[in-house]
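Structural overview
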Amino acid sequence: MAECPANSAAPLLSPVEGAALATRGNRDRVRVMLPLPLPQLLDYLAAEGAPSPGSFVRVGLGSRQIVGVVWDGDGDGAELPAARLKPVGEILSAPPLRPELRRFVERVAAYTLAPAGAVLRMAMSVEEALAAPRPQRICAITEVGLSVLAKPEAKLTPARRRALEALSAGAAASAEIARRAGCGAGVVRGLIELGYAEERRIVAESAAPEPPDWRRPGPALSPDQQRAAERLEERVREGGFSVTVLDGVTGSGKTEAYFAAIAAAFEAGRQVLVLLPEIALSAQWLERFRRRFGAAPVEWHSDTGQAARRDGWRAVASGGAQVVVGARSALFLPFPELGLIVVDEEHDPSYKQEDGVCYQARDMAVLRASIEKIPIVLVSATPSLETVVNIARGRYQRVHLPRRHAAAELPQIELVDMRRKQLEPSRFLSPPLVTALAGTLAADEQVLLFLNRRGYAPLTLCRACGHRLQCPNCTAWLVEHRFTARLQCHHCGYGAPVPAFCPDCLAGGTLVPCGPGVERLREEVAERFPRARVALMVSDLISGPRAAADLAEGMAAHRYDVLIGTQIVAKGHHFPMLTLVGVIDADLGLAGGDLRAGERTYQLLHQVAGRAGRAERPGRVLIQTYMPEQPVMCALAAGDRDGFLEAEAAARRIAGLPPFGRLAALIVSANDGEDADFAAQALARSAPQMPGLTVLGPAPAPLAVLRGRHRRRLLVKAERRVALQAAIRDWLGRVRLAGSVRLQVDIDPYSFV
Ligand code: ADP
Ligand code: ZN
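Residues numbered from 1 in each chain as written. Chains lettered and ligands numbered in written order. Predicted model: local features only at pLDDT ≥ 70, side-chain atom pairs only at ≥ 80, totals over all residues. Heavy atoms only, no water.

**Observations regarding the overall build of the chain**
- Counting its secondary structure elements, the chain contains 22 helices and 28 strands.
- For 753 residues, the compact-globule estimate of 2.2 N^0.38 gives 27 Å, and the chain sits close to it at 30 Å.
- Projected onto the principal axes, the alpha-carbon positions of the chain cover approximately 90 × 75 × 65 Å.
- A burial count over the chain gives 51% of its 753 residues as buried.
- Within the chain, residue pairs in contact and separated by at least 24 positions form 75% of the contacts whose partners lie at least 6 positions apart. (Helix = DSSP H or I, 4+ residues; strand = E, 2+ residues; numbered from the N terminus. Rg over C-alpha atoms; globule rule 2.2 N^0.38 Å. Buried < 20%, exposed > 50% of the residue type's maximum accessible area, 1.4 Å probe, protein only. Contact = heavy atoms within 4.5 Å.)

And the structure:
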């Protein structure tokens, strides 16, 4: 960090950094970006010598003290005269934010139209990691103490001897020494008074994570895997920016193939970032990594505790952490030596963040790789259409694993046409599925039943008056959860006990559940197969990663016969005895106006189907659908992924939809419906008029009321050549919205509710 005066430091800096210091001839004016949604950088005065760009500094804003980052580049600073500027407070000891990460923050902000400070906040999410760690007092043995301990004839009480021995094994806080020696704190104090030990103040660096060992041999790879692994290793060794898609059927051993690339990055002394969707539930992945490399990766996700975050952040920033596995937010960590990014299940919709800064982590990972000039690997059995099109355009390279590992066959997929099946009321398993279940259980094999709906029933209505129980805050039905005996809104979290009377007509005992949720399915399985051991895997019934891992382990060890779950069962799991997959209500995801509904349904069901028959025994999949003619269902049954993608691509090209056209959603919300309408209409009136760009709406959002806020949507549709962000930035700059109105911009929206 440049502590010396700016004029002498300038020649040592890069031209960009030097230019930033010489802001308008006033060398002591520094521009600071705060991790807040502010429209611009703020100027401060550096008391003596400007801190170099990237330095973390504490500055005043109003009455608050905030840690920000000294910025370079060409943001618009507030043009205040120097006399009115506040001084920079403390310069923190954390390593400065590297120029690559600063450029990344700027580019993400420019792409998503979020204020740069809001993006920066994601890059400095653990503020306490930035401050110097607090010194701790520890107790250490002295030379005198050592010589006393070495003399057997020295007069020492047994407690003092034990304490000295504990000290000779290593310095620690005196309470810790007392604990190890099994003595009181007074004993340790006594040793200090005698000069046998002394107190020191040290800054305790948390231990660096254990380094993974790339030399450990992995499993012998199949020829296909070997070829894939070599291609990926080559990319890592060459360095430079490249995007490689590792496209392989479920169970083809993609993980082992990209582990080889990770090993190559470790060998080169570089750091690795692995992004996984819903990382908290991937205990099996962590276990595989540990087995392969002999050490655990740093984890980074919403379940990571505060202390672990602080240590993790520091370990990443210092280069001590070789590998991080995390959810999308790990993308903003300050790696100094990043050499490879892997995005596993790259098609997963959870990579899209929908609130705050709306960004697609897979796409932003590609951006970060390009700025860092490093390779990135996108991994999937069902790549997103965006990725497939990028392969076709020659931007991404493809590495293919066409077969399952170790001669396991891909499962056979059959559709069950539910229009021809008359089920009894409150029954949801079709006769063919019941027969298949019985056969599988009789053969002592396992079954997975997939229904992407939490709770007992998605709707509760009154038999007497037809009233449907709705969330008071949202345009949504309340979902009954029988385990907790509550009605819940899955959008805002509202919950209430199930009422005994209809709240509308006050009749008693007339409320009935409609439709299936996983809890209700479990009831049916228990009734039909009372001896089967059934487990339920749903996010709201699993207390954390440990519980999920236990459940998966129980399934792998065949302590359960039937696993019922929502989409959290679809991912990653490998259960050798699982030979039957049943999908209930396969059409669920196809409703609604989501342009990716078909693609997503294909990906999800393909992935669920991929859980069947992963080892020696062949798998069978039954999909219950009311739309067996739907292209998605036909493609699933025919195993024709590429045909489906081609048809999907053709349809989107004709409609000018992503990735062939560009979309942005503007969501206006207000506590009052009229305020929302007024603002939405004001926006529509000043919409940009330009060739190749259309603004649709405003229209009430499908979730017209969410968490008590009234929502209106505008959709911007543009041809690919249109500079969409610039057009929207200019547009929003021309409209003034009331303070009560919130506007959210979502570039390339994934959710249309
Ligand atoms: P994918 O990620 O493509 O679905 P995985 O990497 O999970 O496939 O591999 C599927 C199964 O095959 C896993 O249990 C894995 O341990 C095993 N496997 C993959 N490659 C090998 C190999 N080369 N040797 C032994 N087992 C392997
Ligand atoms: Zn609600």
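Having put the structure on the table, let's press on.
**Concerning the sheet that holds strand S19 (residues 495-497)**
- If you trace the three strands from one edge of the open sheet to the other, you get S17-S18-S19, paired in antiparallel fashion. Looking at the sheet topology across the chains shown, the edges are occupied by strand S17 (479-481) and S19. With strand direction ignored, the average angle separating the axes of adjacent strands in the sheet is 30°.
- In this structure, S17 lies alongside strand S18 (residues 486-488), joined through three bridges in antiparallel fashion. Bridge pairing in S18 links Glu480 to Leu487. (Pairing = 2+ DSSP bridges. Axes fitted to C-alpha atoms, helices over the stretch in contact; angles between N-to-C directions.)

**Let's talk about the sheet that holds strand S22 (residues 562-565)**
- Strands sit in the order S14-S24-S23-S15-S22-S21 across an open sheet of six strands; the sheet is parallel. One side of each edge strand has no neighbouring strand; the edge strands of this open sheet are strand S14 (412-417) and strand S21 (534-537). Adjacent strand axes in the sheet meet at a mean angle of 20°, parallel and antiparallel pairs treated alike.
- Alignment of strand S15 (residues 446-450) against S22, held across four bridges, turns out to be parallel. If you follow Leu449 over to S22, its bridge partner there is Ile564.

**Considering the site of ligand 1**
- Taken together, 16 residues lie around ligand 1, and Ala220, Gln225, Gly251, Lys254 and Arg288 are the ones closest in.
- Here Gly253 contributes a backbone N or O atom positioned 3.0 Å from an oxygen atom of ligand 1.
- Contact with the protein chains covers 77% of the free accessible surface of ligand 1, which is 550 Å².
- With three residues, the single largest contributor to the shell around ligand 1 is helix H10 (residues 254-267).
- Taken together, the residues of the shell around ligand 1 break down into four nonpolar, eight polar and four charged. (Near = heavy atom within 4 Å. Polar contact = N/O pair within 3.5 Å; in protein donor to acceptor, adjacent residues only side chain to side chain. Areas by Shrake-Rupley, 256 points an atom, 1.4 Å probe, with all protein chains shown as cover. Nonpolar A, V, L, I, M, F, W, Y, C, P; charged D, E, K, R; others polar.)

**Looking at helix H7 (residues 174-181)**
- Listed in full, the buried residues belonging to H7 are Ile177, Ala178 and Ala181. With its buried residues spanning 100° around the axis, H7 presents them on a single face. Within H7, the exposed residues directed more than 90 degrees away from the buried face are Ala175 and Arg179.
- Buried residues belonging to H7 abut helix H6 (158-169) and helix H8 (185-194).
- Looking one or two residues beyond H7, the residue adopting positive phi is Gly182, at roughly 65°. (Arc of directions from axis to C-beta.)

**Concerning the domain arrangement of the chain**
- You can read the domains of the chain as domain 1 (6-98), domain 2 (136-202), domain 3 (223-401), domain 4 (412-453 + 516-650), domain 5 (457-515) and domain 6 (661-747).
- Taking the mean C-alpha position of each, domain 2 and domain 3 sit 48 Å from one another. (Domains from an automatic or database assignment.)

**Some thoughts on the packing of helix H5 (residues 143-150) against H6**
- With their axes 10 Å apart at the nearest point, H5 and H6 run at an angle of 120° to one another. Compared by their axis directions, H5 and H6 come out oblique. Of the two elements, H5 crosses H6, and the hand of that crossing is left-handed. In this structure, H5 uses Gly145, Leu146, Val148 and Leu149 to contact H6, whose residues at the interface are Arg161, Leu164, Glu165 and Ser168.
- A per-class count over the contact of H5 with H6 returns four nonpolar, two polar and two charged. (Parallel < 35°, antiparallel > 145°, perpendicular 65-115°, else oblique. Left-handed = near helix turned anticlockwise from the far one by under 90°.)

**Concerning the packing of aromatic side chains**
- Summed over all chains, the structure comprises 11 aromatic pairs.
- Ring geometry for Phe56 and Trp313: centres 6.3 Å apart, planes at 70°, overall edge-to-face. Of this pair, Phe56 sits in strand S3 (residues 56-61) while Trp313 sits in helix H12 (residues 306-318); the two residues are 257 residues apart in sequence, bridging distant segments of the chain.
- For Phe56, a relative accessible area of 0% gives the class buried.
- Directly above the ring of Phe104 sits Arg368, whose terminal nitrogen or CZ lies 5.7 Å from the centroid.
- Across the ring face of Tyr456, the terminal group of Arg482 is positioned such that the distance to the ring centre comes to 3.7 Å. (Phe/Tyr/Trp six-rings, centres within 6.5 Å; stacked < 30°, edge-to-face > 60°. Lys NZ or Arg CZ within 6 Å of the ring centre and 35° of its normal.)

**Some points on the pairing of strand S1 (residues 29-33)**
- Summarising burial for S1: five of the five residues are buried, a large majority.
- Across the two faces of S1 the burial is the same, with Arg29, Arg31 and Met33 and Val30 and Val32 all buried.
- With four bridges connecting them, S1 and strand S2 (residues 42-45) associate as antiparallel partners. In the strand pairing of S2, Arg29 is matched with Leu45.
- Across three bridges, S1 lies against strand S4 (residues 64-71) in antiparallel orientation. Within S4, the residue paired with Met33 across the bridge is Val69.

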